[in-house]
Structure formats: C-alpha cells, structure tokens
Amino acid sequence: MEDGRAASQPGSGSTEPGGGEQISLHNFCGRLSEQLVHFHAMRLRDSLFLWIGEAPQLSSLAVAMCTPRDSIPASTSLLGDASDSTSNCLAQRLASKTKKQIFVSYNIKNTDSSFILLVENRIKEEMTAFPEKF
Amino acid sequence: MAAKPVLASKQTEEVVQGVPTEVVCTAFANTLLVVVTQYGKMGTLVSVEPDVVADGISKPLFTTKVLLGKDEPLVHICAKHLVTSVSQEAGNKPVLLSMALKDRSIEGIQTLREVIQRCRVW
C-alpha cells in the first residue's frame, strides 16, 4: 500500500481521497535566535496543520480561515490556554497568506513578537522552497 | 539545520467499505494525534482523554470533548470506538482525533480501527 502510493499512476485517481491529493507530511527545523525550533506540517485538502515546538509537546491549537466579509481571517482557540493568542495570531497570518484553513499549534515558551516574526519568516521560507508540501 | 525530526508519524491509506480512507498518526510526548479522513480534510476534532484512576485497579473511562465540528452523540461514540485502544496501548495517553467520515457504520468503524493499528507510533 505504502509503496504503491509513491508511484500513483494517473488512472488510479478515483480510488484516492479528494481525487488524487494525499495528505503530505513535512518536517523541518530552524535555529532562530540561538534556539532550535522544530516544525511539522501536514497538508490536507484545502487545509494545513502546522506544529511548531522546541520539544515534542502539543499543548495549544488554534484554527483560522478567511471569510468573505472581513480582511482579517476568523480564528478560534481549540486547545490549551485561551489567553495565549500566539497560535491564534500565527494561524490568522498564515490563513491570510495561503487562503487555506490553517491549524497552528505553537509550543514554545518564547512568545516575543520579534521571535514569532522569525518563526513566521522561517515558515514562509519553507513554503517558498517546497510549495507542494503546504 | 539538519536536526532530525522530533515527531514520529506514520500514514497509510486504504479503501474501507468502498470508501477511500487516509490515516495519519503522530506521536507527541503528551498526546497522540490521529487523523482519519474520507474527505481529505481534518473534519471533526475530538479530544479523547482517559480519566484518572488509581494504578491497576480498573481500566480508565474516557471523556470525549468535541473541539471543532458537530457535537452529536454519534461523534462521541465513533471517537471512543476508534481510539480507546490506542490510548490504552500508549499507556493511557490522551488522543486528539480528527475524523471526517462518510461511512459511520459499525463495520466501517471496526475496519478503521485496524487501519489505525497499522500506523502505530505509540
């Protein structure tokens, strides 16, 4: 099964969810102001799950998506401390960039806006380098 | 920047009761993320957490909470069916389940459980 997937022929599209676009997983990392930050992206159909962390913890989750009425994407916190809006903000910014539904889980103690900007830039850099993964 | 990934994940796909299905499991230190989708999307997000019990006295009960999507009884039932065993095998870890199912028959759910087992990262 696993092997057949890599070499999916054009004719096999009908048996795949979403008519050919499978979930893709992509791990990358970056050293941002002396700190090693890990990223895990899961691309689904018209949506993206992005985890950002220094250790393999998942303790916050937010979702954002564009709306026709407002230039700022709608977002909500799904998991974790609702007063910490870092996952929320990041999800909003990525949603307005990609126009997709974005799930973000930000799990780093450092929530300075300058640091988050570095994180965001690292994500955008990776999006430019591997657009098919996002 | 070549640090190895800190997260283990496995994915598979299979036609379940005639419906193409994708499963992705990712292990975090404090939780497991299980994605079961027949639409290619995240769908309904359910948190499945074992209740705290004293060691070895009994198996824990599970609390399910819909974080995103339609909060209806069948969602809670499907969620418990799909990932209770996953949580127990992982040493009573909480599971975050994302499911987008076209077929919620009991036969379908049974098969999906087997497919999830093939993506064992716990």
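Attention in this report is confined to the structure presented alongside it. (Residues numbered from 1 in each chain as written. Chains lettered and ligands numbered in written order. Predicted model: local features only at pLDDT ≥ 70, side-chain atom pairs only at ≥ 80, totals over all residues. Heavy atoms only, no water.)

## Overview of the sheet that holds strand β6 (residues 95–100) of chain B
All names here are of chain B.
Moving on, step 1. Taken together, 6 strands build an open sheet; the order of strands is β1-β2-β3-β6-β4-β5 and the sheet is mixed. Here the strands that pair on one side only, and so sit at the sheet edges, are β1 (8–16) and β5 (62–68). On average, adjacent strands in this sheet sit at an angle of 15° to one another, irrespective of strand direction.
Moving on, step 2. Direction of pairing for strand β4 (residues 44–50) relative to β6: antiparallel, over a ladder of 5 bridges. Among the inter-strand pairings, Val46 is bridged to a residue of β6, identified as Leu97.
Moving on, step 3. The sheet strands contacting helix α1 (residues 73–89) are β3 (32–37), β4, β5 and β6, and the helix crosses β6 at an angle near 135°. (Pairing = 2+ DSSP bridges. Helix = DSSP H or I, 4+ residues; strand = E, 2+ residues; numbered from the N terminus. Axes fitted to C-alpha atoms, helices over the stretch in contact; angles between N-to-C directions. Contact = heavy atoms within 4.5 Å.)

## Remarks on the interface of chain A and chain B
Moving on, step 1. Counting from both sides, the interface comprises 34 residues of chain A and, opposite them, 32 residues of chain B.
Moving on, step 2. Summing both partners gives a buried area of about 3,100 Å² for chain A against chain B, and 68% of it is carried by carbon and sulfur.
Moving on, step 3. Applying the counting rule to chain A against chain B returns 1 salt bridge.
Moving on, step 4. Note that Asp46 of chain A and Lys41 of chain B form a salt bridge whose closest N and O atoms lie 3.5 Å from each other.
Moving on, step 5. Counting the contacts that link chain A with chain B gives 9 residue pairs in polar contact (both at pLDDT 80 or more).
Moving on, step 6. Secondary-structure elements contributing two or more residues to the side of chain A that touches chain B are α1 (2–6), β1 (24–32), β2 (35–44), β3 (47–53), β4 (61–65) and β5 (74–79) of chain A. (Buried area = accessible area lost by both parts, 1.4 Å probe. Salt bridge = Lys/Arg side-chain N within 4 Å of Asp/Glu carboxyl O. Polar contact = N/O pair within 3.5 Å; in protein donor to acceptor, adjacent residues only side chain to side chain.)

## Overview of the sheet that holds β1 of chain A
Residues and elements named next belong to chain A.
Moving on, step 1. Read across the open sheet, the 6 strands follow the order β1-β2-β3-β6-β4-β5; overall the sheet is mixed. The open sheet has two edge strands, β1 and β5, and neither has a second partner. Each adjacent strand pair in this sheet contributes to an overall mean axis angle of 20°, direction not counted.
Moving on, step 2. Relative to β5, β4 runs antiparallel, the two sharing 5 bridges. Bridge pairing in β5 places Ala64 opposite Ser75.
Moving on, step 3. In this fold helix α2 (residues 86–98) packs onto β3, β4, β5 and β6 (101–107), with an angle of close to 145° to the strand it touches most, β6.

Remember that the coordinates give geometry; whether it matters functionally is a separate question.
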